[in-house]
Amino acid sequence: RAKADMRRGVCYYEAEMDEAARLRRELILELRRAAEREEFELHYQLQAELPTRSAPVALPPPGEAPAVAAEALLGAGTSTIVGYEALLRWRHPVRGYVSPAEFIPLAEETGLILPIGAWVLRAACREAAAWRGSYRVAVNLSAVQIAHCDLPALVAEVLAESGLPATRLELEITETSIIEDKARCLAALEAVRALGVTIALDDFGTGYSSLDTLRSFPFHRIKLDRTFMRDIATSAESRAILRAVLTLGRSLDIRVLAEGVETIEQLALLAEEGCSEVQGFLFGRPERQVEAACGCAAA
Ligand code: C2E
Ligand code: MG
Ligand code: MG
Ligand code: MG
């Protein structure tokens, strides 16, 4: 009985594996085609700067509309849009929008991230150069791009052809993309930094947050991962971590941006702790047009 059950379990497992493998092969083929047919587009999510507060921040009454509450909290018109993060979208002819979480890992394994990543950089700089405001544009880089292409040359070329000032471009990298070849990565990022481009450490706090990396890499900004925002209102630990990261940022002269701000309560806490850079659904979802994203709550 047990044996039969186990055999059935194994068969079921194998069938599932076959199905997963088939889907995977199909996706790789389609991804390759998508890169040729330009089925990709960039959506932009705004990054805002809050006024710094010295006094404790009073929460607006519950149930207040987000825009009204944010105004009550921050003062009308005082927070400003400073940039937009470019987030890649795959507009699949049949499946609709496919999430980057689904296809970026595949693109990395297959090397397709190199042409796709170059396309992202090119499109982001071209589109940002045409915006009415001179916001910075933040582009996500994959570890593979840092390790396998001449990043400084690519960035210089893309800036030159788009006409975007280097100071308006920011590159986001994660801690995991650094660990592979630290020396090479550092050299590439320093060369990019020398062009005037800023570097942000993305998803901070989820990977190998080595203090040595913070000290030796030319980071302009740390993006505190949104997992810390989730329970910031209820967890003393998350709040302590936020405070520690803000202190660290101040002493190392690295700016700190909080990712994943969704509620007024989170915003109030951030303002109280002195975190002045935010990004999240409260301010705006990723949108195709930057103008459309301007109807945000607090900016
Ligand atoms: P990320 O760089 O950390 O980007 C932030 C992600 O959090 C985005 O997901 C964004 O839509 C989502 N987000 C923003 N605000 C909130 C919020 O308030 N609440 C919640 N729950 N989520 C929020 P998205 O667009 O699905 O991207 C996922 C990841 O895919 C990105 O994480 C980034 O690592 C990667 N990615 C996206 N575009 C590119 C790209 O062009 N190149 C590379 N290499 N990776 C990319
Ligand atoms: Mg990012
Ligand atoms: Mg992030
Ligand atoms: Mg992320």
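None of the values given here were measured: they were computed from a predicted structure. (Residues numbered from 1 in each chain as written. Chains lettered and ligands numbered in written order. Predicted model: local features only at pLDDT ≥ 70, side-chain atom pairs only at ≥ 80, totals over all residues. Heavy atoms only, no water.)

**Quick notes on the overall build of the chain**
Part 1: Along the backbone of the chain there are 11 helices and nine strands.
Part 2: Across the 299 residues that make up the chain, the buried fraction comes to 47%.
Part 3: Expressed as a percentage of contacts within the chain between residues at least 6 apart in sequence, the contacts between residues at least 24 apart total 75%.
Part 4: Just so you have it, the chain exposes about 14,800 Å², and 54% of that area is on carbon and sulfur atoms. (Helix = DSSP H or I, 4+ residues; strand = E, 2+ residues; numbered from the N terminus. Buried < 20%, exposed > 50% of the residue type's maximum accessible area, 1.4 Å probe, protein only. Contact = heavy atoms within 4.5 Å. Areas by Shrake-Rupley, 256 points an atom, 1.4 Å probe, with all protein chains shown as cover.)

**Thoughts on the packing of aromatic side chains**
Part 1: If you walk through the whole model with that rule in mind, you get nine aromatic pairs.
Part 2: Ring geometry for Tyr-84 against Trp-131: centres 5.3 Å apart, planes inclined by 65°, an arrangement best described as edge-to-face. Placement of the pair is Tyr-84 in strand E2 (residues 80–92) and Trp-131 in the loop between helix H4 (113–129) and strand E4 (136–140), with a sequence separation of 47 residues. The residues Tyr-84 and Trp-131 share a single accessibility class, namely buried. (Phe/Tyr/Trp six-rings, centres within 6.5 Å; stacked < 30°, edge-to-face > 60°.)

**With respect to the site of ligand 1**
Part 1: What surrounds ligand 1 is a group of 22 residues, the closest being Arg-89, Asn-140, Asp-202, Glu-262 and Phe-281.
Part 2: Measuring from an oxygen atom of ligand 1, one finds a side-chain N or O atom of Asn-140 at 2.9 Å.
Part 3: Separating an oxygen atom of ligand 1 from a side-chain N or O atom of Arg-226 is a distance of 3.3 Å.
Part 4: Relative to its free-state accessible area of 800 Å², ligand 1 is covered by the protein chains to the extent of 83%.
Part 5: Of all the elements in the fold, those that place two or more residues in the shell around ligand 1 are E2, helix H3 (100–110) and strand E6 (198–204).
Part 6: No other element matches E2, which puts four residues into the shell around ligand 1.
Part 7: Class assignment of the residues belonging to the shell around ligand 1 gives a composition of nine nonpolar, five polar and eight charged. (Near = heavy atom within 4 Å. Polar contact = N/O pair within 3.5 Å; in protein donor to acceptor, adjacent residues only side chain to side chain. Nonpolar A, V, L, I, M, F, W, Y, C, P; charged D, E, K, R; others polar.)

**A look at the pattern of salt bridges**
Part 1: Counted according to the given criterion, the structure contains 21 salt bridges.
Part 2: One salt bridge in this structure joins Lys-182 and Asp-212, with 3.3 Å as the shortest N-O distance. Linking Lys-182 in helix H7 (residues 182–194) with Asp-212 in helix H8 (residues 211–216), this pair joins segments that are 30 residues apart in sequence.
Part 3: For Glu-273, the salt bridge is made with Arg-239, and the minimal N-O distance between the two is 2.8 Å. Of the two residues, Glu-273 sits in helix H11 (residues 264–273) while Arg-239 sits in helix H10 (residues 236–252), which places them 34 residues apart along the sequence.
Part 4: Beyond isolated ion pairs, a larger network of salt bridges with shared partners links Glu-19, Arg-22, Glu-26, Glu-30 and Arg-95. (Salt bridge = Lys/Arg side-chain N within 4 Å of Asp/Glu carboxyl O.)

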